[in-house]
Amino acid sequence: MATRKFTIKVPATSANIGPGFDVVGLSLSLTLTLTVSHTRFTSPPSGESHSSSLTSPPSPPKISYSGEGAEEVPLDAYKNLTTRVALYVLRCNGRPHFPSDLTFHAHNEIPFGRGLGSSGAAVIAGVLLGDALGELKLSTSRLLDFALMVERHPDNVTAALVGGFVGSYLRELSREATEAASVPLAEVLPEYPPDAGEAWGQDPPSPPEGIGHYVRFKWAPEIRAVAIIPQFELSTAKARDVLPLAYTRKDLVFNLQRLAVLTTALGQSPPDPDLIYEAMKDRVHQPYRKSLIPGLPEVLSSITPASHPGLLGICLSGAGPTILALAIGGFEAIALSAKEVFKEAGVEVKWQVLTIASGGSSVAYEEQQ
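Peer 1: Mind laying out the pattern of salt bridges, listing which residues take part and the relevant values?
Peer 2: Under the defined criterion, the tally for this structure stands at seven salt bridges. The partner of Arg40 in a salt bridge is Glu135, with the nearest N and O atoms 2.8 Å apart. Of this pair, Arg40 sits in the loop between strand S2 (20-39) and strand S3 (62-67) while Glu135 sits in the loop between helix H2 (118-133) and helix H3 (140-150); the two residues are 95 residues apart in sequence, bridging distant segments of the chain. For Arg40, a relative accessible area of 34% corresponds to the partly exposed category.

Peer 1: Tell me about the sheet that holds strand S7 (residues 224-230), and please be specific about residues and values.
Peer 2: Taken in spatial order, the four strands make up an open sheet running S8-S9-S7-S10, and their pairing is antiparallel. Each edge of the open sheet carries a strand with a single partner, namely strand S8 (311-316) and strand S10 (349-354). Averaged over neighbouring strand pairs, the angle between their axes works out to 15 degrees when direction is ignored. Where S7 meets S10, six bridges bridge the pair, whose relative direction is antiparallel.

Peer 1: Describe helix H4 (residues 154-162), with residues and values.
Peer 2: Counted residue by residue, H4 has nine buried out of nine residues, so it is predominantly covered. Every buried residue belonging to H4 is among Pro154, Asp155, Asn156, Val157, Thr158, Ala159, Ala160, Leu161 and Val162, and all of these are buried. Taken together, the buried residues of H4 touch strand S1 (3-16), S2, H2, H3, strand S5 (165-170) and strand S6 (212-217).

Peer 1: Run through the side chain of Arg4, naming residues and quoting values.
Peer 2: Structurally, Arg4 can be placed in strand S1. Engagement of the side chain of Arg4 in a polar contact is seen with the backbone oxygen of Ala132, the distance being 2.9 Å.

Peer 1: Tell me about the nonpolar core, and name the residues and values.
Peer 2: Judged by nonpolar contacts, the single largest core of 79 residues is most densely connected at Ile17, Leu26, Leu28, Leu34, Leu129, Leu266 and Leu326. The element best represented in this core is H2, accounting for nine residues. The residues touching Leu26, leaving out its near neighbours within four places in the chain, are Ala12, Thr13, Ser14, Ile17, Ala159, Gly164, Phe165, Trp219, Leu324, Leu326 and Ile356. Core analysis: the next-biggest nonpolar cluster, separate from the first, contains 25 residues, Leu234, Leu300, Ile323 and Ala327 among them.

Peer 1: Tell me about the environment of Leu90, and please be specific about residues and values.
Peer 2: If you trace the backbone, Leu90 turns up in helix H1 (residues 81-92). Here the alpha-carbon distance between Leu90 and Phe112, two residues 22 residues apart in the chain, equals 26 Å.

About the criteria used
- Residues numbered from 1 in each chain as written.
- Predicted model: local features only at pLDDT ≥ 70, side-chain atom pairs only at ≥ 80, totals over all residues.
- Heavy atoms only, no water.
- Salt bridge = Lys/Arg side-chain N within 4 Å of Asp/Glu carboxyl O.
- Helix = DSSP H or I, 4+ residues; strand = E, 2+ residues; numbered from the N terminus.
- Buried < 20%, exposed > 50% of the residue type's maximum accessible area, 1.4 Å probe, protein only.
- Pairing = 2+ DSSP bridges.
- Axes fitted to C-alpha atoms, helices over the stretch in contact; angles between N-to-C directions.
- Contact = heavy atoms within 4.5 Å.
- Polar contact = N/O pair within 3.5 Å; in protein donor to acceptor, adjacent residues only side chain to side chain.
- Core = buried A, V, L, I, M, F, W, Y, C linked by side-chain atoms within 4.5 Å.

As structure tokens, then:
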């Protein structure tokens, strides 16, 4: 039987970029890489995922993992997020099991729980893995549908999938499609109990078509991202819990004005630091997360284009705690100043200068000899 080998690469992402809460995302040059081999399916997919459940499933996939989070990631394919997403994609397309002899190694450069899109990368890796294993050849739009059934906010997963500086939204669907897209995550990716049988969880809800839409903005090639990464984790759920349920019109207009400018300003070369610094300010999420990230207000207010030549703007990366400084120079000075402020608040940080991963995710197949 034919063995296939391929490599999946998915970039890290930063969401929000100041005023674009749940709207914009940026792909960055940290990568989750899967190196995969498996035996091809020998029978056509079934019309209904459960109809072929009488076929004996192959032995479980063999997973190995290195890099960031290696000590935390489950290596059981029915507990690992990436493989659970892959199996969800397969089962929605008439493949109730993984293919035979599935082995893959994951190497991860994206820190967990730091606001750099680690979970979004794992989800996109899973969607691409399911698509590649089943040889489904799903469109980008359909891949995004599957991702949005798992990761319900489009900013990170869209940027991870297509790359670059991206704006996205969830489309207003019909009532029936809205209900289908809103099923509890526990039904999409159920937790597999220890006594789960072969037929368990083989009929998951398939995503409706066209859940999310996106546009890629221009990006000035000279802009780099300085990621200042505090050495503690902050869950997205906890960071969302501190946000208010309602906002004043004044604060919403403040963000909308800046977002309208920012999406164009970051594509202009040479970039205008005065324009971008002001356009990256926010009143919707960053002020409410300062209690979770010691030193956050001081870092955001003390590092400016005037004090640090080369800086364009500075913001919280996603839900945090990472700080993202966009700059065209002076990278080390920016990072060391932020490090000093965080140190005074009792927080240790690491920092990296990253480029923009404009190509997004990729799947490269090894040619058969």
